[in-house]
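# Summary of structural features
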Amino acid sequence: MPKYKIFGKTVEINFNENKFKKLKNELSLYPGSTEKTDVIINIVKKLNIPDDYIQNPKTHYTFKNGFLASYGNIQIMYIIDNDLLRIYLKEPAKIHFPKRLLNMEFASVEEQIGQILHELILVPMNYFFEDKFLVHSSAFQSPDGKTLLMGGTGGIGKTSLELYLCRNKKFKFIADDISIMDKNGKVYPNLAFPKIYGYNVYGQKELKKVLLSERSLANKLHWYLSINLRGENKVRRKISPLDLYGSYLNFSINANNYFILVRDKKVDELKKEAISVQLAVDLTIKVIQNEYFAFHQHIIWHEYNSLLKNIKPVITLNEVYSKWEKIGRNAFENLNLYIVRIPEKYDHQKFLNDFYTRIIE
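Each chain has its residues counted from 1, following the order in which its sequence is written. This being a predicted model, a pLDDT of at least 70 is required before a residue's local features are given, and a value of 80 or more before pairs of side-chain atoms are given or counted; all residues contribute to the totals for chains, interfaces and linings. Where side-chain values are given, they derive from all heavy atoms of the structure, hydrogens and water being excluded.

## Comments concerning the overall build of the protein chain
Note the following rule: Going along the chain from the N terminus, every DSSP run of H or I of four or more residues is numbered as a helix, and every run of E of two or more is numbered as a strand. The buried label applies to any residue whose accessible area, calculated with a 1.4 Å probe on protein chains only, is under 20% of its type's maximum; exposed applies above 50%, and partly exposed to all values in between. A 1.4 Å probe and the Shrake-Rupley method give the accessible areas. Residues count as covered only by the protein chains that appear here. We count Lys and Arg on the positive side and Asp and Glu on the negative side, and we leave His and both chain ends out. Charged groups are reduced to one reference atom each: NZ for lysine, CZ for arginine, CG for aspartic acid, CD for glutamic acid.
The secondary structure content of the protein chain amounts to eleven helices and 19 strands. Looking at the protein chain as a whole, 53% of its 361 residues are labelled buried. A total of about 17,200 Å² of accessible surface is found on the protein chain, and carbon and sulfur atoms cover 49% of it. Averaging the positions of the 52 positive and the 39 negative side-chain charges in the protein chain gives two centres separated by 4 Å.

So this is what it looks like as structure tokens:
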């Protein structure tokens, strides 16, 4: 099977290419690799759980060199094999049509598998290595070569800025939701397909056309009905950054500016203020703690079960947070770090224009 360079690691991914054609297309955005394998990911029909497991609670299994985590109908097993990380994903069950109607993406398993791979496997695999940490941010490169990260909580405006800058101002896409960084301040592309909500395309006919043009009639009907019956924040679609922006970066690059966006009712216009490295690290870790709460819970259960079995856990949250503190301080040392305060009631287009003209330097 082909190997890819993802987040600085050589990753071998084994799956049924005939069954998951869209996944093959998504992975093709990453460069290939011939280097020694760091991670092997297998998408399988059945998981073979080691016999020495302890199950506590029902959604978690711990064994000598790893654990199995369940997220609803998704089951993933992480195993440390000397210096190799092996990850197994059980193929999710087929999503029947009535359930797809209730899903904000109207997605089949084939359409969901790329998101599952990125969010629950490729991003979390960085927890098991000592040289990377996570930033909840979009990332892109400006025409003059500066790399910008837009961080903050969900729904704060990161994707809107990404769309505006990459589609209208010739910025190049690097990441949509989670950026991976190393201690030297380099950011690694996260080429998971961007998730575009109904409110992101409001008043933008060309963007809507690009987003929906290759969809089935049923898919388009679901989009329009969901917007009208459930609201623009209850419907979204994923799309390749190549189709959405025409270009993207697939190699690591030094970051320059990190903006943490926050809504503030005390300001009347956009306000940018420089912050310390430590505050940037603290805020970044807090957001990731929330975004990856479910995975963190499994790490805690793994620690708990390891105590019961009298074995050494393969990972602990204290180790992860300590690592992130060190990497974060080093990574942010040479970046321009800011909080950008956004008025609670601020015209959307004015927000985009003002951010481009007044905040980005």
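## Looking at the packing of helix H4 (residues 158–168) against helix H11 (residues 348–359)
What counts is decided by this rule: Axis definition: a line fitted to C-alpha atoms, over the contacting stretch in the case of helices. Angles run 0 to 180 degrees between N-to-C directions. Should the near helix be turned counterclockwise from the far one by less than a right angle, the crossing is left-handed, whereas a clockwise turn marks it as right-handed. What makes two residues a contact is simply this: any of their non-hydrogen atoms within 4.5 Å. Only Asp, Glu, Lys and Arg are considered charged, only Ala, Val, Leu, Ile, Met, Phe, Trp, Tyr, Cys and Pro nonpolar, and every remaining residue, Gly among them, polar.
The N-to-C vectors of H4 and H11 enclose an angle of 65°; their axes lie 10 Å apart at closest approach. Note on packing geometry: the crossing formed by H4 with H11 is right-handed. Residues Ser160, Leu161, Tyr164 and Leu165 of H4 form the contact with H11, whose own contacting residues are His348, Gln349, Phe351, Leu352, Asn353, Phe355 and Tyr356. Of the residues assigned to the contact of H4 with H11, the class counts are seven nonpolar, four polar and no charged.

## What about the pattern of salt bridges?
The test is simple: Only one rule defines a salt bridge in this text: a Lys or Arg side-chain nitrogen within 4 Å of an Asp or Glu carboxyl oxygen.
Within this structure, the stated rule accounts for 16 salt bridges. Between lysine 5 and glutamate 35 there is a salt bridge, with the nearest N and O atoms lying 2.6 Å from each other. Of the two residues, lysine 5 is situated in strand S1 (residues 3–6) and glutamate 35 in the loop between helix H1 (21–27) and strand S3 (39–44); the sequence distance between them amounts to 30 residues. The class for lysine 5 is partly exposed, based on a relative accessible area of 23%.

## Description of the layout of surface pockets
Operational definition: Buriedness of a pocket was judged along seven lines, with at least five required to meet protein on both sides within 12 Å; pockets are open sets of points on a 1 Å grid over the protein atoms alone, cavities are sets where a 1.4 Å probe fits but cannot get out, and lining residues have an atom within 4 Å of a point. Grid points are joined across faces, edges and corners, and a volume is the space filled by probe spheres set on the points.
Put simply, the second largest pocket is a space of about 590 Å³. Lys22, Phe193, Arg215, Lys238 and Ile239 are the residues nearest the centre of the second largest pocket, which is lined by 25 residues in total. The class makeup of the residues in the lining of the second largest pocket is eight nonpolar, six polar and eleven charged.

## Observations concerning the sheet that holds strand S6 (residues 66–71)
What counts here: A pair of strands counts as paired when DSSP detects no fewer than two bridges linking them.
Strand order in the open sheet made by the eight strands is S1-S2-S3-S8-S7-S6-S5-S4, with mixed pairing throughout. In the strand order of this sheet, the two ends are held by S1 and strand S4 (54–55), each with one partner. Across six bridges, S6 lies against strand S7 (residues 74–81) in antiparallel orientation. Looking at S7, one finds that serine 70 is bridged to glutamine 75. Helix H3 (residues 109–122) rests against S1, strand S2 (9–14), S3, S6, S7 and strand S8 (84–90) of the sheet, and its axis sits at about 45° to S7.

## Focus: the environment of glutamine 141
Along the chain, the position of glutamine 141 falls in strand S9 (residues 132–141). A relative accessible area of 14% means that glutamine 141 is categorised as buried. Distance from glutamine 141 to glutamate 206, taken between C-alpha atoms, is 23 Å for residues 65 residues apart in sequence. Glutamine 141 has contacts with Lys146, Thr147, Lys170, Phe171, Lys172, Ile174, Leu249 and Ile253, leaving out every residue within four places of it along the chain.

## Structural notes on the side chain of glutamate 105
To keep things clear, this is the line we draw: Within 3.5 Å is the distance limit for a polar contact, defined as a pair of N or O atoms, with the added protein rule that one can donate a hydrogen and the other accept it, and that residues adjacent in sequence qualify only through two side-chain atoms.
Relative to the assigned elements, glutamate 105 resides in the loop between helix H2 (97–102) and H3. At a separation of 2.3 Å, a polar atom in the side chain of glutamate 105 contacts the side chain of lysine 238. Setting aside anything within four residues of it in sequence, one finds glutamate 105 in contact with Gln115, Lys195, Asn219, His222, Arg236, Arg237 and Lys238.

Everything listed here is a matter of coordinates, which is why it stays silent on function.
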